[in-house]
Amino acid sequence: MTTRRFLVTGAAGFIGSALARLLLKETEGDVLVVDKLTYAGVPESLKEVGLDPAKDIQTSEAFAVSDGRRLHFLKADICDAAAMAKAFAAFRPDAVFHLAAESHVDRSIDGPGEFVRTNVVGTATLLQVARDWWREHPNFVFQHISTDEVYGSLGPTGFFTEKTPYAPHSPYSASKAASDHLVRAWHDTYGLPTRLTNCSNNYGPYHFPEKLIPLVILNCLDGKPLPVYGTGANVRDWLYVEDHARALLLVNEKGRDGETYNVGGHNERTNLEVVRTICATLDELRPRADGTRYESLITYVADRPGHDLRYAIDPSKLMNELGWKPRENFASGIRKTVQWYLDNDWWWKPIHEGRYAGQRLGTC
């Protein structure tokens, strides 16, 4: 059991909160959450590991690490170098998991500037603060979490590997590609111990409802149309979020500095297959009162600009070198996910009724 101190940026988000929950449940380490709490930041995602959003969220001006607590929450912007330096000095991290990012392709089409600011400028700011900290704490590790979208689009065959050239097509993927290059530059130029992961599409509990899988689940429950871009033929490799979190911890514990590890689930599905699977699962778990099938709600809409055809990751390096393997396949993971949304409307209803109600994004 590790006793390290983990600083996790973006841990009020989907993947970040899954990682924070894992660290608190399966290690003896302390966790500092650093999150700006933009529209997709949901601190209630950490309630099951002891966070009280009404009392436990601190600001930089008065931030202090409380003795006896394992989970700390700082509301701050990673672009604020002074706030980040203060957080490092107060918490004294052994490792940073950097997940804070603007992360929705459709939103990046509508407003690319915020993606450049957070994903590029924010990463550079955090790297420089981390470099200053590492000079006096040589066992420190900076771990950057990225996406397979930096690699561009695949044809009907083949897989992304750690050696695949970058070819981003959206403002989101371009900003993440830039952040990846910065992380490598800080390692190669300054010697900062870094590790980088690129993952396939995540799904699971606490997923903000603008993304495909939770959007389809909640639209089904509301009897709303299920929008499918184009013909629904675009392919993604799906990874259960808790499997991803375990991979991130494994890379932190056993990975090599300066290395990249791709994390994928070997669960390729077309978007249409994903939607139909959710519909069939809900037909079983919560049939519609009128007896009709949820699939009747599918509606085809104009495709997203620059929509990549296919993503698929080869995770062989992670599996062979570090011994990782996913615990969930798509069938088991999607059933768990649908059941979680059925059982936890306390989490998603306030979001659905307030911040995001399922409207389409990314139409330019």
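Before any of the text, the structure's been laid out above.
Residues numbered from 1 in each chain as written. Predicted model: local features only at pLDDT ≥ 70, side-chain atom pairs only at ≥ 80, totals over all residues. Heavy atoms only, no water.

1. A short note on the sheet that holds strand β5 (residues 95-98)
Phase 1 of the analysis: One open sheet holds the 8 strands; their spatial order is β3-β4-β2-β1-β5-β6-β7-β11, and the pairing between them is parallel. Sheet topology places β3 (57-59) and β11 (259-263) at the edges, where each strand pairs with a single neighbour. Strand-to-strand twist of the sheet, defined as the mean angle between neighbouring strand axes without regard to direction, takes the value 20°.
Phase 2 of the analysis: Sheet analysis places strand β6 (residues 141-147) next to strand β7 (residues 194-199), joined by 6 bridges and oriented parallel. Considered in β7, the bridge of threonine 147 is made with cysteine 199.
Phase 3 of the analysis: Across the face of the sheet, helix α5 (residues 171-190) comes into contact with β6, β7 and β11 while running at roughly 155° to β6. (Pairing = 2+ DSSP bridges. Helix = DSSP H or I, 4+ residues; strand = E, 2+ residues; numbered from the N terminus. Axes fitted to C-alpha atoms, helices over the stretch in contact; angles between N-to-C directions. Contact = heavy atoms within 4.5 Å.)

2. Points about the sheet that holds strand β10 (residues 235-240)
Phase 1 of the analysis: With mixed pairing, 3 strands are arranged side by side in an open sheet as β8-β10-β12. The strands lining the two open edges of the sheet, one partner per strand, are β8 (201-203) and β12 (268-270). Mean inter-strand twist for the sheet, computed between neighbouring axes without regard to direction, equals 50°.
Phase 2 of the analysis: Pairing of β10 with β12, which is carried by 3 bridges, proceeds in the antiparallel orientation. The partner of valine 235 across the bridge, within β12, is threonine 270.

3. Side note on helix α10 (residues 330-343)
Count 3.6 residues to each turn of an α-helix, and residues three or four apart come out pointing the same way.
Phase 1 of the analysis: In a regular helix each residue adds 1.5 Å, so 14 residues correspond to 20 Å; α10 covers 20 Å between its end C-alpha atoms and thus fits that length.
Phase 2 of the analysis: By the burial criterion, the buried members of α10 are Phe330, Gly333, Ile334, Thr337, Val338, Trp340, Tyr341 and Leu342.
Phase 3 of the analysis: At its buried positions, α10 is contacted by β8, α6 (212-222), β10, β12, α8 (271-285) and α11 (345-353).
Phase 4 of the analysis: For α10, the side-chain oxygen to backbone nitrogen distance between the N-cap and alanine 331 is 3.1 Å, and the N-cap itself is asparagine 329. (Expected span 1.5 Å × (residues − 1). Buried < 20%, exposed > 50% of the residue type's maximum accessible area, 1.4 Å probe, protein only. Polar contact = N/O pair within 3.5 Å; in protein donor to acceptor, adjacent residues only side chain to side chain.)

4. Comments concerning the nonpolar core
Phase 1 of the analysis: Counting residues in each nonpolar core, the largest one holds 31 residues, and the members touching the most others are Ile213, Leu226, Ile278 and Trp347.
Phase 2 of the analysis: At the level of elements, α6, β9 (226-229), β10, α8, α10 and α11 are the ones that each hand at least two residues to this core. (Core = buried A, V, L, I, M, F, W, Y, C linked by side-chain atoms within 4.5 Å.)

5. Re the pairing of β7
Phase 1 of the analysis: In terms of burial, β7 is a largely internal element, 6 of the 6 residues being buried.
Phase 2 of the analysis: Taking the sense of rotation as the criterion, the β-α-β connection linking β6, α5 and β7 turns out right-handed.
Phase 3 of the analysis: Taken together, the 5 bridges between β7 and β11 define a ladder with parallel strand orientation. Bridge pairing links cysteine 199 to valine 263 in β11. (Right-handed = clockwise from strand over helix to strand, strands pointing away.)

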